[in-house]
Amino acid sequence: MKKHNFSAGPCILPQEVFKEASQAVLDFNNSGLSILEISHRSKDFVDVMEEARSLVLELLGLEGKGYKTLFLQGGASTQFLMTAYNLLQTKAGYLNTGTWSDKAIKEAKLFGEIVEVASSKDSNFNFIPKGYNIPKGLDYLHLTSNNTIFGTQLKDFPSTDTALVCDMSSDIFSRQMDFSQFDLIYAGAQKNMGPAGATVVVVKEDILGKVNRQIPSMLDYQTHISKSSMFNTPPVFSVYTSMLTLKWIKKLGGISAVEELNEKKAKLIYSEIDVNPLFEGFAAKEDRSMMNATFRLLNDDLKEAFDAMWKEAGINGINGHRSIGGYRASMYNALSLESVATLVDVMGDLERKA
Ligand SMILES: *Cc1c(COP(=O)(O)O)cnc(C)c1O
């Protein structure tokens, strides 16, 4: 039986995508060959790559606005250094909203001066700092749109002349916004788009080529742009499966249709967290993430019973990250409202039994 999968990443993908991807492993497009054994230079695969790249721009509403899409390797973690390598000449600003921002800062420090414009580290990142000052003369400001571990999410983005770089690993394609406010967006595939292995980068071409350092070819965005994301062998399976997920989003009606469902799921879980006296939310209410809901039991004595109950209900992956403990329900695009309702029922059952 298929589990209700709340895993934080790698995570649930649409069941039909899993089916189509498995079929392509056996026989891709009735070619008598697996997607895994054909040349990445073959027309069939080049078409996949081009479709994936253009679907990204189409879904984000960025067609014809000077952006390029790349599918790179090395995860979002490689983007922590690659963004700085390519964009940081003297000084960049970072909003520190969690473990991933913290890691991005650490890497960027290798390339120049870093100004932490604000941080919620002192309160274990349970809120998003607001009303901070953005100093003049930054090469860019780096933001993390959704803090996967702590369950907070940026609802507003600063309006500024400074170039904006955003790590959207855990909420890309989950909510509608004006994506043209960003100059560079990156996201590891494994949290809303496809299997681990690919990282999507959407970059405005005119912000590149401004630093005067030598950049190794593999770490230079311009290399990958000039080779249409085929400088070396791309992660073919991850790109193919991501393309299927992007088509699935488009078929559903695009990001706004997906967002509507995501809002319903978030509302359902958070109202249970607020109403049920056994539980307490972790993140500040106004900053709660629509993707990752973090909460805990007020009485740890109930943990054993609760854990047994959700496992019995076919739920998977709600243990919280080790840095905050408790529980985390990750509700990425492909998770159904029924799965969230199942979890909410279990929480309610615990209250009735306790
Ligand atoms: C998971 C995650 C990362 C790290 O991604 P990798 O692909 O494993 O390097 C970075 N940023 C955010 C916001 C994440 O959720």
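Since the structure is predicted, the reported quantities are computational estimates derived from the model, not experimental observations.

A.B. asks: What exactly am I supposed to notice about the pattern of salt bridges here?
C.D. replies: Think of it this way: side chains of opposite charge can pair up when their charged atoms draw near. Tallied over the entire structure, the rule returns 14 salt bridges. Across the pair Arg288 and Asp274 runs a salt bridge, and its minimum N-O distance is 2.9 Å. In this pair, Arg288 sits in the loop between strand E11 (279-281) and strand E12 (292-297) while Asp274 sits in helix H7 (residues 255-275), placing the two residues 14 residues apart along the sequence. Among the ionic pairs, Asp349 bridges to Arg352, the shortest N-O distance being 2.8 Å. Taken together, the residues span about one helical turn, with Asp349 and Arg352 both in helix H9 (residues 337-353) at a distance of three residues.

A.B. asks: Looking at this model, I keep getting lost on the packing of helix H2 (residues 43-60) against helix H6 (residues 236-252). Mind explaining?
C.D. replies: In a packed pair of helices, the relevant descriptors are the angle between the two axes and the axis-to-axis distance. Running from N to C, H2 and H6 point in directions that differ by 45 degrees, and their axes come no closer than 9 Å. In this view, H2 runs oblique relative to H6, as classed from their interaxial angle. At the point where H2 passes H6, the crossing takes the left-handed sense. Residue-level contacts link Phe45, Val48, Met49, Glu51, Ala52, Leu55, Val56, Glu58 and Leu59 of H2 to Val236, Val239, Tyr240, Met243, Leu246, Lys247, Ile249 and Lys250 of H6.

A.B. asks: Even after reading the chapter, I still don't get the domain arrangement of the protein, so can you show me in this structure?
C.D. replies: Accessible area lost on assembly of the parts is the figure often given for the size of an interface. Domain assignment breaks the protein into domain 1 (15-252) and domain 2 (254-353). A straight line from the C-alpha centre of domain 1 to that of domain 2 covers 27 Å. When domain 1 packs against domain 2, the two sides together hide about 2,200 Å² of surface, and 54% of this comes from carbon and sulfur. Along the contact surface separating domain 1 from domain 2 lie two salt bridges.

A.B. asks: What's the story with the UniProt feature "binding site: pyridoxal 5'-phosphate" (unreviewed entry) in the protein in this structure? I'm lost.
C.D. replies: The residues that UniProt annotates with the feature "binding site: pyridoxal 5'-phosphate" (unreviewed entry) are Ala76, Ser77, Trp100, Thr148, Asp167, Gln190, Asn232 and Thr233. In terms of the greatest pairwise C-alpha distance, the residues named above, spread along 158 residues, do not form a single cluster, extending to 30.4 Å across. Structurally, Asp167 is set in strand E8 (residues 164-167). The exposure class assigned to Asp167 is buried, which follows from its relative accessible area of 4%. Beyond its immediate sequence surroundings of up to four residues, Asp167 is in contact with Phe80, Trp100, His142, Leu143, Thr144, Ser145, Asn146 and Tyr186. Relative to the assigned elements, Thr233 resides in the loop between helix H5 (221-226) and H6. Judged by its relative accessible area of 44%, Thr233 is partly exposed. Beyond its immediate sequence surroundings of up to four residues, Thr233 is in contact with His40 and Gln73.

About the criteria used
Residues numbered from 1 in each chain as written. Predicted model: local features only at pLDDT ≥ 70, side-chain atom pairs only at ≥ 80, totals over all residues. Heavy atoms only, no water. Salt bridge = Lys/Arg side-chain N within 4 Å of Asp/Glu carboxyl O. Helix = DSSP H or I, 4+ residues; strand = E, 2+ residues; numbered from the N terminus. Axes fitted to C-alpha atoms, helices over the stretch in contact; angles between N-to-C directions. Parallel < 35°, antiparallel > 145°, perpendicular 65-115°, else oblique. Left-handed = near helix turned anticlockwise from the far one by under 90°. Contact = heavy atoms within 4.5 Å. Domains from an automatic or database assignment. Buried area = accessible area lost by both parts, 1.4 Å probe. UniProt positions renumbered as here; feature names shortened; annotations may be inferred. Buried < 20%, exposed > 50% of the residue type's maximum accessible area, 1.4 Å probe, protein only.

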